[in-house]
Each structure stands twice: as C-alpha cells, then as structure tokens.
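Okay, here's what each chain looks like letter by letter:
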Amino acid sequence: MKGSEISRRGVLVGSSALAISTTFSTKVMSAAPAASAITPQLIEAAKKEGKVVWYTSVDLPLAEKIAKSFEAKFPGVAVRVERTGAERVFQRIGQEYGSNIHAVDVANSSDAAHFIVWKNQGLLEAYVPEDVAKFYPTEHKDPDGMFASFRVWVSIIAYNTNLVKKEEAPKSFADLLDPKWKGKIVKAHPGYSGTIMTATYQMQRDLGWGFFEKLAAQNVMQVQSSADPPKRLALGERAVMADGNEYNIFQISETGGPVAPVYATEGSPLIVGPTGMFKAAPNPNAARLFCNYSFTAECQQLIIDVGGLRSMHPETKEKPGRTPFKQIKVMKDDPAAVEKMSDEIKQHYVKIFRV
Amino acid sequence: MTIALPAQAERRRFGIDISKPVLYVFAAILCVLILLPLSWLLVFSVTDAKGAFTLGNFYRLFTESSFYEPFVTTFILATSSAFICCAVAAPMGWLVARTDLPFASIIRALVTASFVTPPFLGAIAWELLAAPNSGLLNKIARDWFGMAQDEHLFNIYTLPGLIFVISCYTFPYVFVLVANSLDRTPGELEDASSILGGGRWYTARRVTIPLVLPALLAGALVAFLQAMTLFGSPAILALPAGFHTMTTKIWSLFQFPPKPELAAAASLPLLVLTVILLRAEHMILGRRGYSVVGGKYGAPRLIPLHRWRWPAFVLCIVVLLNPVFLPYAALFNAAFSPVASTFLTMQNFTLHNVYFVLFELSAASLALKNTVILGTAAATVGTVIALVIAYVTARQAVTGWRVLGFLATAPIAIPGIVLGVGLFLSYTRPPFVLYGTLWILLIAFVTIALPSAYQQLQAAFRTIHPELEDASRILGATRLRSLWQITAPLLRTGVIATWCFIFVGVMRELSAAIILFTSETKVVSVLIFDLNESGDLGAISVIGLGMLLITFAVVIAVNKIPGFGNVRFRT
C-alpha cells in the first residue's frame, strides 16, 4: 500500500510538493469551509487577474465551448484551456509542481483518483461553490470541500450504423470477442485517458484480465484518448468501439453522424470527473470564479445539452432522446482502488496490448 | 600556405588576437550544451529508481522482449528507409542535376516542399489517405475495383506503411546531397574522360559515380539516422497498429510513472550505433577529399534524354505525389469537409474547422507565438555557433578541434526525445533552472539543429580553399577579422540556407518539445500532436496547412533577398 502511494506521487513530483504535504497532513481538516457565492467583489478581483488556466481532459471542442460560455458571462476573464488526456494532465502537473512551476489554476480530470493524490499532497484549495453546497449529493463532493463532481458519464460500446446493422451490433462486452469483430474494433488507452484507466479498473475487476487478453487477440486498433474511438467510428475507420466516451457518441449522433451507443449487459464503467482549484493558483480569484461557474445549473445544463455529459446538479434536465442516466446499468466506481492500482493496471495493459 | 605561419607569429607581437578566447568560449558553450544532458543520461542509465548504481537497466533491455523487439523493428525500419531513399533519390538527383529534364527547378522546389513538411504532419495526412477503412485512397479503390466494404488496398497502420511514410519525408536528404554534389562536380572532368576516349558508361563508372559516392553514402547514413530517431511518425502510425519503435518505447517510459533510468539505458545503444556508423563513413570516405570548387569551371554538361525526357519528368512527378500532392490534398480535404474521411464537394464545404482554430482554440495563438520566437532565435543562435565550429574544424584552428567537431555532430545520435529528457534532468535543478521557460526549448532546438547546420557549413567551408583567408591573414588581419570579412561573405548563401534550415527544423521538431513543454511554452508541433491523440483531424489539417504556409513564406522570402541567389538545403 505504502509502495503504491509513493509511486503514485511519482519520481518527478519533487521535494517541494512533498514538503507541503507533510506540513498540512498535521492539520486537522474535518469540515469544508462555508459555501462561497459569485459576488461582485469576486468578479472584480477575477477581472484584475484577467485570465484563468484550466487543465482538463474533457474533449477539446467541448472544453473550448465551456470556456467561451464563461468568457461571455464574465467578460474580461479569458480562459486558457490546457487539454490533454487525464493521465497526461496528472503527469504534467506533477512535473510542473516538481519544478516549482505553478501554472494551473483549476483542474478537471476524468480519473477521480488524481484528486485523492493531489489532496493528500496538500495541493488543493478548499473552496465550496454555492451550488455544490446547496445541491450536490454528498457522494459527489469532497467532505473537506476540495473538489466535486463536475461531470459524470459512462464508457460505452458503440458502433458505426453504416457498417453495422442494429440487430447485429454487440450487446455486451462478451459479444466483442466474437471472431466477426476481428480487426474491426477500436479502443483507447489507460496510459493516456483517465476515462479508460477508470474503465479498465472496473472491467478487470468485474470481467477479469482474461477478457482483455481475448480482446487483444481481436487485432484492436489502439488509439489514445477516450474521445478518439467515437471519432474513428464517425470516420468509418472501425465498425465498433470497445470503450470510449458516451458523450462524444451523443455529440456525433445528434449532429447526424453514423454512430449509436450500446449499454453493455454487464454494465458500463461509470466515470466521474471532479473539478478543483490549486492552492498555488497564479490567478486565485479567477480560479474561484471559474470553479463556482462550473457547478452552476447554467454551466451544468450546457455540458448536458452541448456536451452530452451527465450532471449531478438536481436542477438540470436531461436531454430527450438519450437513455436517462438512471436506466443505465453501470459498474461501480472506486477511485481509491484506482489510485492504488493504477501503475499495475498500466503495466498489465501494456503486457497484453503491447503498446 | 607555408608562409602563413611565420606571418602569424610576427603578428602576435603587435596586437592581441582575440580569436582564441572567442573560440574557447564557443567550445565551452558546446560542452555545456551537449555534455551536460549526456552526462545525466549516462548517470541515469546506471542508476536504479532509488539512485543506487546498477546494471539492471541494461540487463532488462537485452532480456525483455518488450525492449529488444522495438530495437529489431527500428533496425528494419531504418535500413529499409535508407535503402528506399537512395533508390529513389539518387536517380532523381541525377535527372535533375545532369540531364535536360524539363522543369528541373520545379522538381527541386517540390523536393524542398517535401523536405520542409513536418514528418508528423505527413504521417497524419497519410492516415487520412490510407487508413484501411476510412482512407480516401481505399475509398477510391473500392469504387474503382468494386471491392467489398471491409477490403482495402493500403493499410498505413503496418510496418511497411510506416517505412513508406518515413521514406517520403527522408528521401529529400539523400536527394539534396546527391543533386548538390552533382551540381558541384565540374563537367570538365567528365569531358576529359570523354576526350581521352572513355565511353558514356565508362565515364559514369569511373568519374561521375565515384564523385557522387561520398554524397550518396552520406545520404544513406543520414536517412538511416533520421528514420531511427524519428518520433512523430511512429507514434502516429505504429501505436494504433500495436507495435513500438525505439523512440516511441523511450517516450512511453516517460509516461506516468516515469522511468528515466530505463529510457536513458535504452537510448545508449542508439548512440553507440550512430557513433560506429559515423566512424564507418569516415573510414570509407576519409581519404578521398575533393576540392572541386576553386575557380571558374563551366556548368556541368547536361546529358540529353531525347525521347525519355517526358517519361522521366512524369516519373519524378509520380514520386512526388507521395510526399507532397496527395498529403496536401488530404489535409485540404480534411480542413474544409465536415468529416475528415468525406470527400469535399461544393455542397458540404464548411469553414467550421477554420473557425474553431481561429476563434475557439485558446492554445493556438500562444503556440504560434512561441514557435515563431523559438524558430527565429534558434536559427540565429544555431547558425552562429555552427559557423564558428565549422570554421574551427575546417581550418583546424585550435587544438582539440576534433573534439569540437565530434561534439557538434554528437547530437545526431541522440533521439530528440532522449535529448529532451537529458535536458529536462539538467535544467530542472540548480545552477540552471530553465524548465518552464522558452530557454530550455531554445537549447533543445539549437542542439538538435547543430549537427546538420555544422555539417552544412563545414561542407561549405571545405569547398572554399583557405588561400583567400591566408592572404588576408598574411596582410595582417586577425583570424576573426578574416573570418568576418573574407570567409563569411563567401559563405553567404550557405549561412542563409543554414538559418532557414534551422527555422524550418524548429517548426518540424516534436520529439524533444514533447518532453520539455509546459502549458506556457507549448509549440505548434506539440499542439498538433495533442490534437492527434484526441482525434481532432479537421483542426490539425487547418493548423498544418497554416504551418506549411508560414514555412513556405520563410523559404520563399529568403530566396527573394537580393544577392542571396537560390538557396538550397544541404544536410
């Protein structure tokens, strides 16, 4: 256990981060601070800083749309989106903090385990946006007020409707192992994508590594981001995806793209993407404003309508035509277990898929 | 030449020649630039994760299949690419330089275009063209030949596919070396052979080919090294296919949790191999020196091709379809069609991707700014350093010039990604904390550009006989002054070409940048790689086309500067 914690902190997270972590681990932090609203003073202070740097793993066009909606609401505060896979975001922040570079204001990761690590390292600031305090269910916010679930979705199977008839489409993960899918499957990588890291954990727990060994024998096309398999389906490059973002499938199918989702009978891996701000944020007020805005019903409705994501904000409405979230059979998420097993998962995965 | 020495000794009594100190400063800079990261790599390769001495990294390297398989793959890849490049580029170079091939200058320009095209951009374009199912060429093939939906003509996600794409963007190195060498070979030598009764083939075999052989061998070597150290193309094409090359393997070792020790160990065999190859080249060619440019020779005699003129031209164009026309067309198609794999028509034309890149992509403007700043700075600094070192080694100006020459050539053996890590290790700790600034990228780009810049300028020096400098020095000029007033003007085109070469190189560079960038210091190549990993092919196409426009603008602008003449790239 201890070994994995050290490795998770990483070689490149230098002494400074560790020093902070020991300083703060002695303090007792049992309760979150009081909720903060978006006040005119906060907006003013944010405007003085003029920008906010947002590290996220959400699909780039959507990230930029969220950024633009924030800029439209708070003119004078520009958002710079730093988008890459969640595992890369994690490495990047570790590498930067290890070198005393504090560039990130707000982070949003698709691997909830990252927030456990950052919290343990004492990097996160306790800041509770009003909507989080008022509306968010307990299991979707940190008891110490350092992060909350900005977005929720599932990793799913999907297919290209031009290449596969609905009745012939796979219904379950087990169906993917049928020889007829050999050479026709695309999947993303847990070393890059937090979504796939989380999904791989849940699938190896529920289905066993044997499933992946058989899947690898199907000559899968290996891409990196969990946003990429849906796009490869839309191109017609592969017929079926074994994992990838449900929200990209919604985006593509609702704009006329030839893709359709499948919710596997075994259950679809549940992915939670928290947002939190950093203590050493270079633009702390803009960071607070951005965090606060992220959890408003307005922003949450946007990520549903435009992004195809799910929201834990009870005042949002699901978009008609999509399978309601409650009806989807999901696998259980367990960020603490992912945190402990992530290195092992990556190693095992590389052994099986060779890249 | 011999009288230069006493003159020099006499001169010393009257003034201080500052050339020595200046040269030593450059030597020191070079040592820091190259030795610092290399030493860290060396140290890391024999340490374990806890920092204790071990040889375990090397043991794993040669016993685990996940390590030695990429070695084998890389060797096959590099050898095949070098072979293909020579087979294609040598005849083309000869056609362009020595025959009455129509539109030879256009062919040269197109080769330059393929040279300045970033290989990773070419790889992405070839994904669009020859992905087995969505590739445009495969779609056309299905239409034409009535193939079934899941049949395909080409599959770019294979080792041969990767070899093909790498060759597309490596053959210009061989072409330019061969063509330039043929350009410089005076026709009189061949004429002399003919006059003395040598037939056309005899002349070719005994005169022309031996004269070009050094360039061809050097070209094969450069092609081999390029293919071996390339990162972008394998990362784009090999990973989806499920195999690694050495560079992608090394890169994967820096993914979280990073294993720099293993990566350092994995990079050392590449370094050793390169050193051996460079020594071999030197041994083969070492004793043959040709000072062919010295006076007023006539232009080389062009061989009439007669009825083969146009077939030869068509052949060149067919070759150039692969690195230039087809990929550019695919990028254009992807930039303006709604889905990258859909053929562009008048009806589906969209500016959506252009709008996204210009108005929504918040990282684009910063990346572009960084790239232009770094390109200009690296080109200027790199040219100056390469010029001085090339001078020192060409004229053997200080003791230890061999070491300088070796140091300047050494980075060619270091895959960019490994250099990136070496620099990361070197410049994230005192006394030089540069990570997170543009400086570390500048150092990386200068170091990477140095070998070719140095070789290019050294070749230029070799073609200029030292007698002019000697004359200047006999008349009392210091070494620096004669360098500045005599040699530099003679080298003008070479210097400008080198500047251009480095600038373009910075636009193309991905492998070191991918390790060294931070959110504030992102460059365009990294942005494109990011976008590729999330599958945003439309946005890549727009940025890629923009990048090509900037590159061509720089190349053309430099060509238009009066007095500089037609700049040609040399490696």
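A quick note: this is a predicted structure, and the numbers were derived from the prediction, not measured.

Trainee: Explanation requested: the pairing of strand β6 (residues 148-154) of chain A in the structure shown.
Mentor: Working note: regular strand, side chains alternate between the two faces of the sheet. Residues and elements named next belong to chain A. Counting buried residues in β6 gives 7 out of 7 residues, a clear majority hidden from the surface. Examined bridge by bridge, β6 and strand β12 (residues 270-277) share 6 bridges and lie antiparallel to one another. Looking at β12, one finds that tryptophan 153 is bridged to isoleucine 271.

Trainee: Even after reading the chapter, I still don't get the sheet that holds strand β7 (residues 157-160) of chain A, so can you show me in this structure?
Mentor: Within a beta sheet, neighbouring strands are joined by backbone hydrogen bonds and run either parallel or antiparallel to one another. All names here are of chain A. Strand order in the open sheet formed by 5 strands is β9-β8-β10-β7-β11, and the pairing between neighbours is mixed. Strands with a single pairing partner mark the edges of an open sheet, and in this sheet they are β9 (221-222) and β11 (259-262). Pairing between strand β8 (residues 185-187) and β9: 2 bridges, direction parallel. Each residue of the ladder has a partner; that of lysine 187, found in β9, is glutamine 222. Relative to the sheet, helix α11 (residues 246-254) contacts β7 and β11, its axis offset from that of β11 by approximately 145 degrees.

Trainee: How should I be thinking about the confidence of the model for chain A in this particular structure?
Mentor: For residues with low pLDDT, the predicted coordinates do not support detailed interpretation. Residues with a pLDDT of 70 or more make up 92% of chain A, whose mean pLDDT is 92. Here residues 1-29 of chain A is a poorly scored stretch, pLDDT under 50, and it has 42 contacts once near neighbours within four places are set aside; other chains count.

Trainee: Hey, could you run me through helix α18 (residues 416-427) of chain B in this one?
Mentor: Side chains of residues three or four places apart in an α-helix project in the same direction, reflecting 3.6 residues per turn. Residue and element names in this part refer to chain B. Helix length check: α18, at 12 residues, gives a terminal C-alpha distance of 16 Å against a target of 16 Å (1.5 Å per residue), a fit within 8%. In terms of burial, α18 is a largely internal element, 11 of the 12 residues being buried. Turning to α18, its buried residues are Gly416, Ile417, Val418, Leu419, Gly420, Val421, Gly422, Leu423, Phe424, Ser426 and Tyr427.

Trainee: Would you take a moment to explain the domain arrangement of chain B for this structure?
Mentor: Accessible area lost upon the coming together of the parts is a frequently used measure of interface size. All names here are of chain B. Taken domain by domain, chain B comprises domain 1 (1-45 + 359-571) and domain 2 (50-324). In this structure, domain 1 and domain 2 have C-alpha centres spaced 22 Å apart. Tallying the contact residues gives 35 residues for domain 1 and 41 residues for domain 2. Going through the elements one at a time, α2 (19-45), α18, α22 (492-508), α24 (524-533) and α25 (537-560) are the ones with two or more residues in the side of domain 1 that touches domain 2. In terms of residue count, α25 provides more of the side of domain 1 that touches domain 2 than any other element does, 6 residues in total.

Trainee: What exactly am I supposed to notice about the confidence of the model for chain B here?
Mentor: All names here are of chain B. Counting all residues, the mean pLDDT for chain B is 85, and 92% of those residues have values of 70 or more. Overall, residues 1-15 carries pLDDT values under 50, and its contacts beyond four positions in sequence, including any with other chains, amount to 10 contacts. Across the predicted assembly, pTM comes out at 0.88 and ipTM at 0.88.

Trainee: Quick question: what am I supposed to make of the sheet that holds strand β2 (residues 51-56) of chain A here?
Mentor: Residues and elements named next belong to chain A. The 5 strands are arranged β3-β2-β4-β12-β6 in an open sheet whose pairing can be described as mixed. Sheet topology places β3 (78-83) and β6 at the edges, where each strand pairs with a single neighbour. Strand-to-strand twist across the sheet, computed as the mean angle between neighbouring axes with direction ignored, equals 20 degrees.

Trainee: Looking at this structure, how should I read the nonpolar core?
Mentor: Soluble, globular proteins show a tendency: their nonpolar side chains are buried together. Among the nonpolar cores identified, the biggest contains 281 residues, and A:Phe290, B:Val174, B:Val178, B:Ile389, B:Ala444, B:Leu516 and B:Ile543 are the most heavily contacted of them. When residues no more than four places from it in sequence are discounted, the contact partners of B:Val174 are B:Cys85, B:Cys86, B:Ala89, B:Ala90, B:Gly219, B:Ala220 and B:Ala223.

Trainee: Quick question: what am I supposed to make of the interface of chain B and chain A here?
Mentor: Residue-level contacts link 34 residues of chain B with 45 residues of chain A. Across the side of chain B that touches chain A, the residue classes tally to 15 nonpolar, 14 polar and 5 charged.

Trainee: For this particular structure, what's the right way to read the environment of B:Leu110?
Mentor: Residues and elements named next belong to chain B. The topology assignment puts leucine 110 in helix α5 (residues 104-116). A residue is classified by how many C-beta atoms lie within 10 Å of it, and leucine 110, with 20 of them, is buried. A sequence separation of 20 residues divides leucine 110 from alanine 130, and the C-alpha atoms of the two residues are 22 Å apart. Dropping the residues within four chain positions of it, leucine 110 is found in contact with Leu320 and Val324.

The rules behind the values
Residues numbered from 1 in each chain as written. Chains lettered and ligands numbered in written order. Predicted model: local features only at pLDDT ≥ 70, side-chain atom pairs only at ≥ 80, totals over all residues. Buried ≥ 20, exposed ≤ 12 C-beta atoms within 10 Å, placed from the backbone. Helix = DSSP H or I, 4+ residues; strand = E, 2+ residues; numbered from the N terminus. Pairing = 2+ DSSP bridges. Contact = placed C-beta atoms within 7 Å. Axes fitted to C-alpha atoms, helices over the stretch in contact; angles between N-to-C directions. pLDDT = per-residue confidence, 0-100. Expected span 1.5 Å × (residues − 1). Domains from an automatic or database assignment. Core = buried A, V, L, I, M, F, W, Y, C linked by C-beta atoms within 7 Å. Nonpolar A, V, L, I, M, F, W, Y, C, P; charged D, E, K, R; others polar.

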